[in-house]
Amino acid sequence: MAKMLASISALLMSVAFLVFGHGLQSTLLPLAANQADFSELAIGMVSSGYYVGMVLGCLGAPHVIMRAGHIRALAALVSLMSASAILHPVFVEPVAWFLIRVVSGFCLAGFYTIVESWLHETATNETRGTVMSIYIVVLFASMMIGQVSIAGMELTSFVPFAVASVAVSLAVMPVCLTTANQPAPITLVQFRPAKLYKTSPAALVGTLLIGVANGAMWSLSPLYGSEIGLTTNQAAVYAASIIAGGMISQWPIGRLSDKMDRRLVLIALAVISAVIALAIALLPTSSFPTALMLAMVIGFFSQPTYSVAVSHAFDHAAPEDFVETSSGLLMAFGLGSVAGPIAASLLMVSSGPAGLYLLVAIVYSAMGVFILTRVFARSALDPEDKTDFEFAATAQIGAVVSPEPLDTEAANVIAPEDFPAYDDMAHSSETDTITEELISADQSESSGDEEDKPATPVPEGLG
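Throughout this document, residue positions are counted from 1 along each chain, in the order its sequence is written. Owing to the predicted nature of the model, reporting of local features is limited to residues with pLDDT of at least 70; listing and counting of side-chain atom pairs is limited to 80 or more, with chain, interface and lining totals taken over all residues. As a rule here, side-chain values cover all heavy atoms of the structure and leave hydrogens and water aside.

- An unreviewed UniProt entry annotates the chain as MFS transporter of Roseibium litorale.

**So, the packing of helix 9 (residues 201–227) against helix 10 (residues 232–258)**
Phase 1 of the analysis: Between N-to-C directions, angles cover 0 to 180 degrees, with each direction set by a line fitted to C-alpha atoms, over the stretch in contact for helices. Think of it this way: any DSSP run of H or I at least four residues long counts as a helix, any run of E at least two long counts as a strand, and we number them from the N terminus. Axis separation between helix 9 and helix 10 bottoms out at 8 Å; the angle between their running directions is 140°. Classified by chirality, the crossing of helix 10 by helix 9 is right-handed. Contact residues: helix 9 offers Trp218, Ser221, Pro222, Tyr224, Gly225 and Ser226, while helix 10 offers Ala235, Tyr238, Ala239, Ile242 and Ile243.
Phase 2 of the analysis: Amino acids are sorted into nonpolar (Ala, Val, Leu, Ile, Met, Phe, Trp, Tyr, Cys and Pro), charged (Asp, Glu, Lys and Arg) and polar (every other residue, Gly among them). Broken down by class, the residue content of the contact of helix 9 with helix 10 amounts to eight nonpolar, three polar and no charged. Each helix crossing is assigned a hand: it is left-handed if the near helix lies turned anticlockwise from the far helix by less than a right angle, otherwise right-handed if that turn is clockwise. By definition, residues are in contact when any of their heavy atoms lie within 4.5 Å.

**Describing unusual backbone geometry**
Phase 1 of the analysis: The backbone of Asp37 sits at a positive phi, close to 65°, despite the residue not being glycine.
Phase 2 of the analysis: By secondary structure assignment, the location of Asp37 is in the loop between helix 1 (2–35) and helix 2 (40–68).

**Regarding the environment of Leu359**
Phase 1 of the analysis: Residue placement: Leu359 occurs in helix 15 (residues 355–377).
Phase 2 of the analysis: The buried label goes to any residue with under 20% of its type's maximum accessible area, the exposed label to any with over 50%, and the partly exposed label to all in between, with areas taken from a 1.4 Å probe on protein chains only. Leu359 gets classed as buried once you look at its relative accessible area, which sits at 8%.
Phase 3 of the analysis: Considering only alpha carbons, one finds Leu359 and Ala277, 82 residues apart in sequence, at a separation of 8.5 Å.
Phase 4 of the analysis: Excluding residues that lie within four positions of it along the chain, Leu359 makes contacts with Val212, Ala216, Gly340, Ala343, Ala344 and Leu347.

**Thoughts on the packing of aromatic side chains**
Phase 1 of the analysis: Under the pairing criterion, centres of Phe, Tyr and Trp rings, with the six-membered ring standing for Trp, must be within 6.5 Å; the plane angle then separates stacked pairs below 30 degrees from edge-to-face pairs above 60, leaving the rest tilted. Under the criterion given, the structure shown has eight aromatic pairs.
Phase 2 of the analysis: Measuring from centroid to centroid gives 5.1 Å for Phe300 and Phe301, while their planes differ by 70°, and the two rings are edge-to-face.
Phase 3 of the analysis: The exposure class of Phe300 is partly exposed, given its relative accessible area of 27%.
Phase 4 of the analysis: We classify Phe301 as partly exposed; its relative accessible area is 21%.
Phase 5 of the analysis: Grouping aromatic residues by their ring pairs yields a cluster made of Phe38, Trp97 and Phe161.

**Some thoughts on the nonpolar core**
Phase 1 of the analysis: Grouping buried Ala, Val, Leu, Ile, Met, Phe, Trp, Tyr and Cys residues that are joined through side-chain atoms within 4.5 Å yields what is termed a nonpolar core. Membership of the largest hydrophobic core comes to 73 residues, with the highest contact counts inside it found for Trp97 and Tyr357.
Phase 2 of the analysis: Counting residues per element, this core draws most heavily on helix 9, which supplies 12 residues.
Phase 3 of the analysis: Grouped together as the second largest cluster of nonpolar side chains are 43 residues, Ile136, Val172, Ala240 and Ile243 included.

**Some remarks on the pattern of salt bridges**
Phase 1 of the analysis: Just to be clear on terms, a salt bridge is a Lys or Arg side-chain nitrogen sitting within 4 Å of an Asp or Glu carboxyl oxygen. In this structure the tally under the stated criterion is four salt bridges.
Phase 2 of the analysis: For Arg262, the salt bridge is made with Asp315, and the minimal N-O distance between the two is 2.7 Å. With Arg262 in helix 11 (residues 262–282) and Asp315 in helix 13 (residues 305–316), the pair connects residues that are 53 residues apart, well separated along the chain.
Phase 3 of the analysis: The network of salt bridges with shared partners includes Arg255, Asp258, Arg262 and Asp315.

Dropping the structure here:
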């Protein structure tokens with residue numbers, strides 16, 4: 001265990017630093033935007049900008065990695081994200097913040113892709129589950145610590161933005177200084193929503209709607225807390241408690257879904273989440289303990305929905321399609337998350353802070369109804385034919401996780417042999433091999449003729 005942790009410690013340190021900075025920004029920006037008199041719609045647009053960047057990053061960041069390699073791509077993306085964080089107090093304007101968040105989302109998608117492919121390359125079949133579980137724990141813990149770290153900071157000052165930028169900047173150091181070899185080139189797959197829908201309509205539509213609801217909660221819960229009368233520190237803890245509730249429930253609910261039809265689990269989670277959200281919307285409270293308890297409860301039931309939906313898709317997908325399935329569903333989640341904050345902010349304009357949870361109630365109700373229709377349209381799988389729940393392969397925070405090797409001969413897979421970033425490496429490797437052979441041959445020839453050679457004359461003044 002110690003040897004395994006040592007081999008991934010640099011990556012985990014990078015994750016901790018960067019996600020700490022990201023968590024701080026995710027709580028800071030809605031609160032700072034509110035104090036800067038941004039409208040609810042403007043705050044929703046800024047929040048959705050991050051998910052726009054995530055979607056673009058899922059499509060574009062792999063090409064950056066192909067061109068530059070893992071280490072150089074990570075250094076570039078982290079540096080760009082750090083610069084983006086520090087620009088928020090320089091340009092206090094909704095359009096500027098939207099564009100900055102797009103850049104941050106793109107960089108974070110690329111960072112996750114690099115880290116997760118690297119972890120999978122480092123792990124063996126026996127240790128992969130442990131490695132990815134440790135990674136997910138570090139990721140969630142860093143996110144929550146970053147969210148609550150805003151306590152004691154002045155939102156209108158330069159300090160919290162500087163802290164976020166410094167934390168992100170530090171993420172580049174452990175990886176750039178590591179002596180570990182970078183992983184093999186990543187493999188790209190196509191996003192084919194029609195195929196995903198044919199494989200599992202419940203999973204595709206479910207993840208899209210989960211993105212709408214959970215994306216809105218993740219982005220606007222700090223603003224909701226502030227508008228119901230919580231202090232800045234309390235609003236930060238309120239937002240973190242939603243993720244904390246989800247962390248607690250991921251594994252037990254995932255294991256429960258292994259034993260029964262996952263669609264029934266999704267329906268139950270959707271109905272309970274909708275009821276709790278409706279209760280929060282209709283019975284608002286400014287009591288911090290009550291608000292905190294409700295936040296943890298709705299996080300407990302709403303946050304595992306994505307993992308269960310992806311596991312359901314894996315049940316119906318062929319092993320060689322697992323990467324395409326997970327990356328495609330992440331894209332669907334991202335697209336839903338783009339719409340979620342905007343739709344919630346519009347409801348908050350007309351209905352006050354309760355509008356956030358009205359949207360959550362509506363979306364989860366719609367999801368429950370749709371998945372119920374699928375229960376009648378397709379019979380459940382036999383439990384023996386289902387894949388085991390693996391949270392590390394179904395977490396919507398990360399990018400592309402590869403549970404199984406791909407068939408590089410398949411039409412939808414781009415083989416990595418000719419990626420530009422690795423041409424120089426291949427050339428360098430071949431050159432080094434040729435050079436070593438020439439040196440070896442030369443040394444052999446020299447040793448054989450050494451006795452026949454005359455002594456080398458020594459210049460005057462040196463003898």
